[in-house]
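# Architecture and fold: a report
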Amino acid sequence: MSAPAFDSPVAKSAGASFLRHVLRDPATLSGLLIASILVLVAIFAPYIAPYGANQQTGAMLATPSWEHPFGTNFQGRDLFSRVILGSRNSLSVAFPSVMLAVAIGLPIGLLVGYIGGRVDSFFLRIFDILFALPAILFAIALVAYLGPSLRNLILTIAILYIPRVAMVTRGPTLSVKTREFVLAATSFGSGSARILRKHILPNIMAPVLVESSLLLSEALLTEAALSFLGLGVQPPNPSWGVDLGKGRQFMELGAHQVIFPGLTIMIAVLGFNLLGDGLRDYFDPRIRKQR
Amino acid sequence: MPRYILRRLLLLIPVILGVSFLTFILMRIIPGDIVTNMMGVSAANNAEVRLKVLAELGLDRPILEQYVWWLGRIFQGDFGYSFIHGGPVIEQILLRLPITLQLGVMSMMIAILMGVPLGVLSAVKRGTAIDFSSRLFSLLGISTPNFFTGTLIVVFGAIYFPSIATLGYVPFFEDPLASVSRMIWPALALGLGVGAIILRYTRSSVLEVLGEDYVRTARAKGLSETAVLFVHALKSALIPIITAIGIWSAYLVSGAVILEEVFAIPGLGRLVLSAIENRDYPIIQGTVLFLSLGVALVILVADLLVAFVDPRVKLA
């Protein structure tokens, strides 16, 4: 389970070379497509959705048709529109929480790995404890105590992911700091801050990027799970988890109520998983060869 | 070996302290006035009630003393008293523990029975259609939220197979057969996701071992592929899988909480969720602590099992 070593310093044309990799690998390509479409849909949601999230369309529990591609729910709300508009809530929880986790976890991992020794083993112990926690259960408890709101949802998910980010930062930092170019920089009299920023940070971004993509998929899942249980996004606000949970009430009257919100969660999670796997393959040729 | 066990047991102490401290903190992060939050405004204005609540929660002392006092009570099996049920929290937990345990064990069995053989098959038949389809299956399994799988089972069961009961719980010792056949549905929803992860992990673990020198030697000796696989490769490939299964028990506990809600199973998950609705904070705190310690214990057992199987660990 140790973090893979990333041997090659970051290539200058990383973007172009990644694009070439993506075009050769259909799995990564579909991941990238799903993720991009998701982001675009969230940005332009109000222009895409044919109805408002809570607009009564007059047809209750209508099955999917041209007018209502995903059907309507028991309140006569258009599910297609709710799924489209719900993407905003899902992404506006997932992205900030992962960014927050990176903003806090990355410096911790960097410092812990760079200082090493006792500090490192102390933090390793703490991370071990945090890893053993049942994450969603803890998220449920945290939200239950803090009260459900978008801000608390973001905070809770971020707290759960900080150790994960710190862990994937720490490993590569440990190995990069012993490399010759770091020693050379030290011998030229570079200070620790400069070495961390100029020499170590660029070389550890790859695993952090991979982990961020995987964490995004998990954050989407966690938000959906909490909303499903009524502890996340609060109805009548649209959220995939909320609609999946609400759809169960009158499920005998139409499976479409749960199928479309559920499938959307699944595809979104799949997209970020594929993207994360693709990034990992791209950065770590060792794994690429193995497949 | 005894030294290793002792060391692992000693390492459990910081884990217990850490987990319990995190759970202890929960009580302090409730925004606003805690008494108002728990008992309502009228009770909070009543000075006598107020003092009583604070004393019951130990909130009238300095924070570090509170923690030590609280931890001391936990070690005596005293997890506090439920606001709603009235009785001790631990009584409620123990009452529902067997139900969640049954769900967890059945899910893990499904996950292992599905993930390990498919993972081995996928690695051995690497690059073939079998490998491709089982990897696709694993990817879909990882990406499908277990509460979606669960909901689909409930919905389609209700629509197309109304004669098959998927909801609720039958006590195991009352009617084992009915109990298992009822629990199989949530266990399937939970086990599929974990099984998908185990599949992926097993595949890469077996692939790695198959590339080792000693496997090549075994093949060069003229052993059949079956013998190479079962006598030489699987033995060492299974070791990291055992460790991983321990770690995923944490994931399983989280999943059980949600699936108990989906399938109306009166286990620990439902206990927590209804406690949240009722603001029964001692129950939430106690159950989270109890389950987290349980996960730590399962991870410990998995590690000890590995030490038992793998002679290299004893040197560590």
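Residues numbered from 1 in each chain as written. Chains lettered and ligands numbered in written order. Predicted model: local features only at pLDDT ≥ 70, side-chain atom pairs only at ≥ 80, totals over all residues. Heavy atoms only, no water.

Moving on to the overall build of chain B. Helix and strand counts for chain B come out as 13 helices and zero strands. Along the three orthogonal principal directions, the C-alpha set of chain B runs to about 85 × 55 × 35 Å. A separation of at least 24 residues holds for 72% of the contacts in chain B among residues at least 6 apart in sequence. A total of about 15,200 Å² of accessible surface is found on chain B, and carbon and sulfur atoms cover 69% of it. When the 23 positive and 20 negative side-chain charges of chain B are each reduced to one mean point, those points stand 11 Å apart. (Helix = DSSP H or I, 4+ residues; strand = E, 2+ residues; numbered from the N terminus. Contact = heavy atoms within 4.5 Å. Areas by Shrake-Rupley, 256 points an atom, 1.4 Å probe, with all protein chains shown as cover. Lys, Arg positive; Asp, Glu negative; His and termini not counted. Charge placed at Lys NZ, Arg CZ, Asp CG, Glu CD.)

This part takes up the interface of chain A and chain B. When the parts of a complex come together, some accessible area is lost, and that lost area is often used as the size of the interface. Each partner contributes residues to the interface: chain A has 42 residues there, and chain B has 52 residues. Across the contact surface, chain A and chain B share two salt bridges. A salt bridge links Arg 200 of chain B to Asp 277 of chain A; the shortest N-O distance between them is 2.6 Å. Here chain A and chain B share six residue pairs in polar contact (both at pLDDT 80 or more) between them. When residues of the side of chain A that touches chain B are traced back to their parent elements, those giving at least two are α5 (117-132), α6 (135-146), α9 (192-228), α11 (256-283) and α12 (285-290) of chain A. Ranked by residue count, the leading element in the side of chain A that touches chain B is α11 of chain A, at 11 residues. Looking at the side of chain A that touches chain B residue by residue, the classes come out as 33 nonpolar, three polar and six charged. (Salt bridge = Lys/Arg side-chain N within 4 Å of Asp/Glu carboxyl O. Polar contact = N/O pair within 3.5 Å; in protein donor to acceptor, adjacent residues only side chain to side chain. Nonpolar A, V, L, I, M, F, W, Y, C, P; charged D, E, K, R; others polar.)

For the rest of this paragraph, the subject is the packing of helix α6 (residues 89-124) of chain B against helix α9 (residues 176-210) of chain B. Residue and element names in this part refer to chain B. Two numbers describe how α6 lies on α9: the axes approach to 5 Å, and their chain directions differ by 35 degrees. Pair α6 / α9 crosses with right-handed handedness. Its residues assigned to classes, the contact of α6 with α9 comprises 26 nonpolar, nine polar and one charged. (Axes fitted to C-alpha atoms, helices over the stretch in contact; angles between N-to-C directions. Left-handed = near helix turned anticlockwise from the far one by under 90°.)

Turning to the pattern of salt bridges, a few remarks are in order. What the rule picks out here adds up to 11 salt bridges over all chains. Salt bridges linked by common partners bring Arg 164, Glu 211 and Glu 218 of chain A together as one network.

Attention now goes to the layout of surface pockets. All names here are of chain B. Each pocket or cavity is described by its volume, and for the second largest pocket that value is around 670 Å³. Taken together, 27 residues form the lining of the second largest pocket, with Val 105, Met 108, Ser 249, Leu 252 and Val 298 sitting closest to its centre. Taken together, the elements giving at least two residues each to the lining of the second largest pocket come down to α6, α11 (225-262) and α13 (281-309). Here the lining of the second largest pocket is built from residues that sort into 22 nonpolar, five polar and no charged. (1 Å grid on protein atoms, 1.4 Å probe; cavity = no way out; pocket = protein on both sides within 12 Å on 5 of 7 lines; lining within 4 Å. Points joined across faces, edges and corners; volume = space filled by probe spheres on them.)

This paragraph deals with the environment of Ile 200 of chain A. All names here are of chain A. Secondary-structure assignment places Ile 200 in helix α9. Since its relative accessible area comes to 0%, Ile 200 is described here as buried. Apart from the residues lying within four places of it in its own chain, the contact partners of Ile 200 are Leu 110, Tyr 114, Thr 173, Val 176, Lys 177, Val 182 and Ile 195. (Buried < 20%, exposed > 50% of the residue type's maximum accessible area, 1.4 Å probe, protein only.)

All names here are of chain A. Counting across every chain of the model gives two cavities of 30 Å³ or more. Within this model, the second largest cavity holds a volume of roughly 40 Å³. Asn 73, Phe 74, Leu 79, Asp 243, Lys 246, Gly 247 and Gln 257 together form the lining of the second largest cavity. With three residues, the single largest contributor to the lining of the second largest cavity is helix α10 (residues 240-247). Among the residues forming the lining of the second largest cavity, the class breakdown is two nonpolar, three polar and two charged.

The next point concerns a nonpolar patch on the surface. Residue and element names in this part refer to chain A. The grouping of Leu 40, Ile 43, Phe 44, Tyr 47 and Ile 48 at the surface amounts to a nonpolar patch, some 550 Å² of accessible area in total. Elements with a minimum of two residues in the nonpolar patch: α2 (26-43) and α3 (45-48). Along the chain, Ile 43 falls in helix α2. Its relative accessible area of 47% is what places Ile 43 among the partly exposed residues. (Patch = residues over 30% accessible without salt bridge, like charges linked within 9 Å, V, L, I, M, F, W, Y side chains within 5 Å.)

Turning next to the confidence of the model for chain B. Residue and element names in this part refer to chain B. Mean pLDDT over chain B: 84, with 94% of residues reaching 70 or higher. Model confidence for chain B, summarised as mean pLDDT per element, is weakest for helix α2 (residues 34-39) at 69 and strongest for α6 at 92. Two summary scores accompany this predicted model of the complex, namely pTM at 0.86 and ipTM at 0.84. (pLDDT = per-residue confidence, 0-100.)

To continue, consider the nonpolar core. A general tendency of soluble globular proteins is for nonpolar side chains to be buried together. Ile 140 of chain A together with Phe 147 and Ile 284 of chain B are the most contacted members of the largest nonpolar core, which has 149 residues in total. Element by element, the count of residues in this core is highest for α11 of chain B, at 17 residues. Counting residues in each nonpolar core, the second largest holds six residues, with Ala 45, Ala 49, Ala 53 and Leu 85 of chain A among its members. (Core = buried A, V, L, I, M, F, W, Y, C linked by side-chain atoms within 4.5 Å.)

So, about the packing of α11 of chain B against α13 of chain B. Residue and element names in this part refer to chain B. Remark: α11 packs on α13, axes separated minimally by 8 Å, with the N-to-C direction vectors making an angle of 175 degrees. Relative to α13, the element α11 lies roughly antiparallel. Note on element contacts: α13 touches α11 through Leu 291, Val 295, Val 298, Ile 299, Ala 302, Asp 303, Leu 305, Val 306 and Val 309, opposite Ile 239, Ile 242, Thr 243, Gly 246, Ile 247, Ser 249, Ala 250 and Val 253. (Parallel < 35°, antiparallel > 145°, perpendicular 65-115°, else oblique.)

Okay, the confidence of the model for chain A next. All names here are of chain A. When the pLDDT values of chain A are averaged, the result is 83; 93% of them are 70 or greater. Within chain A, no element has a lower average pLDDT than α12, which sits at 50, and none a higher one than helix α4 (residues 79-115), at 92. For the stretch residues 1-8, pLDDT sits under 50, and the model shows 13 contacts to residues farther than four places along the chain or on other chains.

Take α11 of chain B next. Residues and elements named next belong to chain B. Over its 38 residues, α11 extends only 45 Å from the first C-alpha to the last, a length that falls short of the 56 Å expected when each residue adds 1.5 Å. Its axis deflected by about 50 degrees at Ala 233, α11 carries its strongest bend there. Positive backbone phi, approximately 55 degrees, marks Ala 264, located one or two places after α11. (Expected span 1.5 Å × (residues − 1). Bend = angle between axes of the 7 residues up to and from the residue.)

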